[in-house]
Every structure is written in structure tokens, then in C-alpha cells.
Amino acid sequence: QKEVEQDPGPLSVPEGAIVSLNCTYSNSAFQYFMWYRQYSRKGPELLMYTYSSGNKEDGRFTAQVDKSSKYISLFIRDSQPSDSATYLCAMRASGGGADGLTFGKGTHLIIQP
Amino acid sequence: NAGVTQTPKFRILKIGQSMTLQCTQDMNHNYMYWYRQDPGMGLKLIYYSVGAGITDKGEVPNGYNVSRSTTEDFPLRLELAAPSQTSVYFCASSSRGGVGVETQYFGPGTRLLVL
């Protein structure tokens, strides 16, 4: 079983729809959970991060973490064509030193105008 | 403030050739990372560095070497290129590691094709 599972999509929705992106993980040591957005032929950029369980909201974006189920989600409200990108979940253990993040494969999201 | 810059943007190598992927950051970050991203896959950590003179292996270090002589630069060396090293390589930096979430800033990537 891979450490982080993420449906690669593509996920295609009409403009204005609510989008739900999800990841599951197996390592119970993960404490910090991030969502990166990656446009085509660009580097990833941090979108949201959450510590431990709970919700975090930033504008149209909401990140949720359910550690008991080892499940994280990113919701996008009022989706826009500019949201079309690949969304990568990433996570790391607490106090994990300087080692890098563990990434999911990414979900390719397409918002249809 | 250019952030993280990488050169070249694209390169074709023949099997057995060597090359260095350059990475520079101007944010005075101590921590730097090299990832590779294969098609349809997430990023995998190759090497990382916590400061000048200090490097350590990540998840997939075989076939690569790194050095960190300055805070700004973190080059990645491929000594004997193999087709399995065809990938997109991303360099990233962050202000600190350890406890807490630090934002990793990524460069635009170098696309490498080994034939």
C-alpha cells in the first residue's frame, strides 16, 4: 500500500460547481497536511496547509483533515476556469527535521467555462 | 526577488552522459531540496540540504549527487545518465525545517530526456 493515495483524475466540472479533492494516507505519524497547486509546466505552489485534524478556510478554499480516518480533503467553492490545474496533496510528520514532503500523485482538475 | 531559479529548462542527454542541473534561490533559505516528478506521479525527494556544507539522501538518491557550497546554490549532478532518469526535476527551498510547517518554494523545473 502506497503511503499517500490520490485519484489522478481527470476531474471535469462546470464553472461555479463545488469541487472536492481527496487523499488517503497510511502513515499515522503525519501531522502536517498541505495542498499544492501546479499549473501545466510550472512548479507546485502552496495553496493551503493544516495541522492535525480540523478545518481551515481561505477564501473559496477549505481544507479538511480527519486523522481518525487518515483522510484529507480540499473543497473549492464557486470554481473558476483559472482553478484548472493539478492539485497535489502533501504531508509530513511532526518535528520531522528537514526531510521533504510525501506527495500524492496529484489530481488533474478541469473547470469547464 | 526571483525566488527559486533553475537552469536549463530542458535538456536531452544520451545514455552515459553527465550533466549538472543548477538551482539558485535568493530568499536566504537554509533548506533546499531536489525532487523528481515522473508523468502521472507525485514528487519524490532525491536529496536535501539543511545548510551550506550539509546534504542528505532522500527517497530516491541513486544515480545522483549534490553539493552545497553556498546558501544560494544547490546543484544536482547526474554522472551516468540512464533512461530511468527521464523526468522533470524540481528544486525547492524553505526558510527552516523542523517543527511546524514551512512553505517550500519551488522552481519552474528542468525537463530531462535521456535517450
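For every chain, the first residue of the written sequence is number 1, and numbering continues from 1 along that sequence. Whichever chain is written first is A, and whichever ligand is written first is 1; the rest continue in order. With pLDDT at 70 or above as the cut-off, local features in this predicted model cover only qualifying residues; side-chain atom pairs require 80 or more to be listed or tallied, and sums for whole chains, interfaces and linings still use all residues. For side-chain calculations, the full set of non-hydrogen atoms in the structure is used, while hydrogens and water are omitted.

## As for the state of the cysteines
Residues and elements named next belong to chain A. Our working definition of a disulfide is a cysteine sulfur pair at a distance within 2.5 Å. For the coordinates displayed, the defined rule picks out two disulfides over all chains. Bridging C23 to C89, the disulfide has an S-S length of 2.0 Å. An S-S torsion of about -105° defines the bridge between C23 and C89 as left-handed. Taken together, the positions of C23 in strand β3 (residues 19-25) and C89 in strand β9 (residues 85-93) put the pair 66 residues apart, joining distant regions of the chain. Starting at the N terminus, helices and strands are each numbered in turn, a helix being any DSSP run of H or I of at least four residues and a strand any DSSP run of E of at least two.

## Re the sheet that holds strand β8 (residues 76-78) of chain B
Residues and elements named next belong to chain B. Two strands make a pair as long as DSSP finds a minimum of two bridges between them. Spatially, the four strands line up as an open sheet ordered β1-β3-β8-β7, and their pairing is antiparallel. Of all strands in the sheet, those bounded by a partner on one side alone are β1 (4-7) and β7 (64-66). Sheet twist, expressed as the mean angle between neighbouring strand axes with direction ignored, is 20°. Angles run from 0 to 180 degrees between N-to-C directions of axes, and those axes are lines fitted to C-alpha atoms, restricted for helices to the stretch in contact.

## As for the side chain of Q37(B)
You can see Q37(B) is positioned in strand β4 (residues 31-37). On the accessibility criterion, Q37(B) (13% relative accessible area) is buried. Whenever two N or O atoms come within 3.5 Å, that pair is a polar contact, provided that in protein one can donate a hydrogen and the other can accept it, and provided that, for residues adjacent in sequence, both atoms are side-chain atoms. A distance of 3.1 Å separates the side chain of Q37(B) from the side chain of Q38(A), its partner in a polar contact. Whether two residues touch is decided by their heavy atoms; if any such pair falls within 4.5 Å, the residues are in contact. Setting aside its immediate chain neighbours within four residues, Q37(B) contacts Q38(A), L88(A), G42(B), L43(B), S87(B), V88(B) and F90(B). Under the scheme applied here, a residue whose accessible area is under 20% of the maximum for its type counts as buried, over 50% as exposed, and between as partly exposed, the area being computed with a 1.4 Å probe on protein chains only.

## Side note on the side chain of Q38(A)
The topology assignment puts Q38(A) in strand β4 (residues 30-38). Of the residues examined, Q38(A) reaches a relative accessible area of 7% and is grouped as buried. Looking at Q38(A), its side chain comes within polar contact range of the main-chain oxygen of K42(A), at 2.9 Å. Here Q38(A) is in contact with G43(A), P44(A), A85(A), T86(A), L88(A), Q37(B) and F90(B), once residues within four sequence places are set aside.

## Details of the nonpolar core
Ranked by size, the top nonpolar core spans 24 residues in total, and within it W35(A), I72(A), L74(A), Y87(A) and M91(A) carry the most contacts. Looking at this core, the elements that each hand over two or more residues are β3, β4, β5 (45-51), β7 (61-66), β8 (71-76), β9 and β11 (107-112) of chain A. In this structure, Y87(A) is in contact with Q6(A), L21(A), W35(A), Y36(A), R37(A), L47(A), L74(A), I76(A), G106(A), T107(A) and L109(A), ignoring residues within four places of it in sequence. The definition of a nonpolar core used throughout is a set of buried Ala, Val, Leu, Ile, Met, Phe, Trp, Tyr and Cys residues joined through side-chain atoms within 4.5 Å. Listed in part, the 19 residues of the second largest apolar core include I46(B), Y64(B), Y89(B) and C91(B).

## A word on the sheet that holds strand β1 (residues 4-5) of chain A
Residue and element names in this part refer to chain A. Strand order in the open sheet formed by five strands is β1-β3-β8-β7-β6, with antiparallel pairing between adjacent strands. In this open sheet, the two strands that pair with only one neighbour each are β1 and β6 (54-58). Across five bridges, the pairing between β6 and β7 is antiparallel. The residue bridging D58 from the neighbouring strand is F61, located in β7.

## Digging into the pairing of β3(A)
All names here are of chain A. A one-sided burial pattern is seen for β3, the buried positions being V19, L21, C23 and Y25 and the unburied ones S20, N22 and T24. One ladder, built from two bridges, connects β1 with β3; its direction is antiparallel. For E5, the partnering residue across the bridge sits in β3 and is T24. Across six bridges, the pairing between β3 and β8 is antiparallel. Residue pairing for β8: L21 is matched across the bridge by L74.

## Some points on the confidence of the model for chain A
Counting all residues, the mean pLDDT for chain A is 90, and 93% of those residues have values of 70 or more. β3(A) holds the highest mean pLDDT among the elements of chain A, 97, whereas β5(A) holds the lowest, 88. For every residue, the predictor assigns a confidence score, pLDDT, that lies between 0 and 100.

## Brief notes about the packing of aromatic side chains
Within 6.5 Å between ring centres, the rings of Phe, Tyr and Trp (the latter by its six-membered ring) count as paired, and their orientation is classed by plane angle as stacked under 30 degrees, edge-to-face over 60, tilted in between. For the coordinates displayed, the defined rule picks out 11 aromatic pairs over all chains. Between the aromatic rings of Y35(B) and F106(B), the centroid separation amounts to 5.6 Å while the plane-to-plane angle is 35°, which identifies the pairing as tilted. Of this pair, Y35(B) sits in strand β4 while F106(B) sits in strand β10 (residues 105-106), and the two are 71 residues apart along the sequence. A residue is classified by how much of its surface remains accessible, and F106(B), at 12% relative accessible area, is buried. By way of ring pairs, the aromatic residues Y36(A), F103(A), Y33(B), Y35(B), F90(B) and F106(B) are connected into one cluster. The positively charged end of K56(A) is found above the aromatic ring belonging to Y49(A), 3.9 Å away from the centroid. For the cation-ring pair, R68(B) lies above F74(B), with the distance from its terminal atom to the ring centre recorded as 5.9 Å. Geometrically, a charge over a ring is one whose NZ (Lys) or CZ (Arg) sits within 6 Å of the ring centre while staying within 35 degrees of the ring normal.

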